[in-house]
Amino acid sequence: GESVGLHLPTLSVQEGDNSIINCAYSNSASDYFIWYKQESGKGPQFIIDIRSNMDKRQGQRVTVLLNKTVKHLSLQIAATQPGDSAVYFCAENGDDGGATNKLIFGTGTLLAVQP
Amino acid sequence: DTEVTQTPKHLVMGMTNKKSLKCEQHMGHRAMYWYKQKAKKPPELMFVYSYEKLSINESVPSRFSPECPNSSLLNLHLHALQPEDSALYLCASSPTSYNEQFFGPGTRLTVL
């Protein structure tokens, strides 16, 4: 069936290092992907998105890479800070045959930033 | 106003109670969503409203009843819930049904 999964459930990095969070997806029909950050006790916070007609998109300290050939998505965070500690979810819009944005979330990666 | 608000923040209810969760946004978004999130799990879609009409019901039990009174409000009516329904209930909205979704802080629900 359709699924979005992550290779690493927990990622521990030193403050100032770069972080890379990976995500694999299985639905080749997905054409829209989002990364969310969720801090403890809060709702998911939108970080960055990318459509399938692109392979890279940059934001402030974050970059999302999309490799459609191997159905892989990654989130790169530059100069990781303690405030980046959170669970990160990737999500894809799947293909429900309609226009509705039905997001399918991956299992999540806990990013722990060590001072 | 650029956020999604949810009330209450916390709710404890018995299995025979009737309660409602409320979600509000004033960003002019025309799609609104309810998700359920269990601890250490990703959000799971429950309902989608597009232009105030229910467009997706992910086979949610009838003890959960959504309502969209207008384009800014989304309610989730709860009745005869089970302890396993305890979770964080998240509301989200998006400009249309094909854009990024913005989440509220959630309502932490405990069913006794």
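I will try to describe carefully the structure that is included in this document. A quick note: this is a predicted structure, and the numbers were derived from the prediction, not measured.

1. Topic: the overall build of chain A
A tally of regular secondary structure across chain A gives 0 helices and 11 strands. Listing the helices and strands of chain A from first to last along the sequence gives β-β-β-β-β-β-β-β-β-β-β. Of all 115 residues assigned to chain A, the portion counted as buried reaches 43%. Put simply, 54% of the contacts in chain A that link residues at least 6 apart link residues at least 24 apart.

2. What to know about the nonpolar core
The tendency in soluble globular proteins is for nonpolar side chains to be buried as a group. Judged by nonpolar contacts, the single largest core of 22 residues is most densely connected at B:Trp34, B:Phe64, B:Leu76 and B:Leu78. Contributions of two or more residues to this core are made by strand S2 (10–13), strand S3 (18–25), strand S4 (31–37), strand S5 (44–50), strand S7 (64–70), strand S8 (73–79), strand S9 (87–94) and strand S11 (107–111) of chain B. Not counting the four nearest positions on each side in its chain, B:Leu76 is found in contact with B:Lys19, B:Ser20, B:Leu21, B:Trp34, B:Met46, B:Phe47, B:Phe64, B:Ser65, B:Pro66 and B:Tyr89. Listed in part, the 20 residues of the second largest apolar core include A:Phe33, A:Trp35, A:Ile77 and A:Tyr88.

3. What to know about the pairing of S4(B)
Residue and element names in this part refer to chain B. Within S4, 7 of the 7 residues are buried, which leaves the element mostly enclosed by the surrounding structure. Here S4 shows a buried face lined by Ala31, Tyr33, Tyr35 and Gln37 and a second buried face lined by Met32, Trp34 and Lys36. Two strands pair when backbone bridges link them, and S4 and S5 are joined in this way by 6 bridges, in the antiparallel orientation. For Tyr33, the partnering residue across the bridge sits in S5 and is Val48. Both S4 and S9 contribute to a ladder of 7 bridges, which runs antiparallel. Its bridge partner lying in S9, Gln37 is registered against Leu88.

4. A closer look at the state of the cysteines
Residues and elements named next belong to chain A. Scanning the model with the defined rule gives 2 disulfides over all chains in all. One disulfide in the model links Cys23 with Cys90; its S-S distance is 1.9 Å. Measuring the twist about the S-S bond at about 55°, one finds the Cys23-Cys90 disulfide to be right-handed. Taken as a pair, Cys23 in strand S3 (residues 19–25) and Cys90 in strand S9 (residues 86–92) lie far apart in primary sequence, 67 residues in all.

5. Some points on the packing of aromatic side chains
Considering all chains together, one arrives at 11 aromatic pairs over all chains under this definition. Residues A:Phe105 and B:Tyr35 carry aromatic rings whose centres are separated by 5.8 Å and whose planes lie at 85° to one another, so their mutual orientation is edge-to-face. On the criterion of chain membership, the pair formed by A:Phe105 in strand S10 (residues 104–105) and B:Tyr35 in strand S4 is interchain, its members lying in two chains. A single burial state applies to A:Phe105 and to B:Tyr35, both of which are buried. Ring pairing ties together the aromatic residues A:Tyr36, A:Phe46, A:Phe89, A:Phe105, B:Tyr33, B:Tyr35, B:Phe102 and B:Phe103, which thus form one cluster.

6. What about the sheet that holds strand S1 (residues 4–7) of chain B?
Residues and elements named next belong to chain B. Taken in spatial order, the 4 strands of this open sheet run S1-S3-S8-S7, and their pairing is antiparallel. Of all strands in the sheet, those with a lone pairing partner are S1 and S7, marking the two edges. Shown here is a sheet whose adjacent strand axes are inclined to one another by a mean of 20°, direction ignored. Of the strand pairs in this sheet, S3 and S8 are connected by 7 bridges, and their pairing is antiparallel. Pairing of Glu24 across the sheet is with Leu73, part of S8.

7. Some remarks on the interface of chain B and chain A
On the side of chain A, 23 residues touch chain B, which itself brings 22 residues to the contact. Of the roughly 1700 Å² buried between chain B and chain A on both sides combined, carbon and sulfur atoms contribute 54%. Elements supplying a minimum of two residues to the side of chain B that touches chain A: S4, S5, strand S6 (53–57), S9 and strand S10 (102–103) of chain B. It is S4(B) that contributes the most residues to the side of chain B that touches chain A, 3 residues altogether.

8. Points about the environment of A:Val62
All names here are of chain A. With respect to the element layout, Val62 can be found in strand S7 (residues 62–67). Residue classification places Val62 among the buried residues on the basis of a relative accessible area of 12%. Apart from residues lying up to four places away in sequence, Val62 is in contact with Ile47, Ile48, Arg57, Leu75, Gln76 and Ile77.

9. Describing the layout of surface pockets
Considered as a void within the structure, the largest pocket measures approximately 500 Å³ in volume. Around the largest pocket sit 20 residues that line it, and A:Gln38, A:Val87, B:Ala39, B:Lys40 and B:Lys41 are the ones nearest its centre. Only S9 and strand S11 (109–114) of chain A provide two or more residues apiece to the lining of the largest pocket. When grouped by side-chain class, the residues that make up the lining of the largest pocket number 7 nonpolar, 7 polar and 6 charged.

Calculation criteria
Residues numbered from 1 in each chain as written. Chains lettered and ligands numbered in written order. Predicted model: local features only at pLDDT ≥ 70, side-chain atom pairs only at ≥ 80, totals over all residues. Heavy atoms only, no water. Helix = DSSP H or I, 4+ residues; strand = E, 2+ residues; numbered from the N terminus. Buried < 20%, exposed > 50% of the residue type's maximum accessible area, 1.4 Å probe, protein only. Contact = heavy atoms within 4.5 Å. Core = buried A, V, L, I, M, F, W, Y, C linked by side-chain atoms within 4.5 Å. Pairing = 2+ DSSP bridges. Disulfide = S-S within 2.5 Å. Phe/Tyr/Trp six-rings, centres within 6.5 Å; stacked < 30°, edge-to-face > 60°. Axes fitted to C-alpha atoms, helices over the stretch in contact; angles between N-to-C directions. Buried area = accessible area lost by both parts, 1.4 Å probe. 1 Å grid on protein atoms, 1.4 Å probe; cavity = no way out; pocket = protein on both sides within 12 Å on 5 of 7 lines; lining within 4 Å. Points joined across faces, edges and corners; volume = space filled by probe spheres on them. Nonpolar A, V, L, I, M, F, W, Y, C, P; charged D, E, K, R; others polar.

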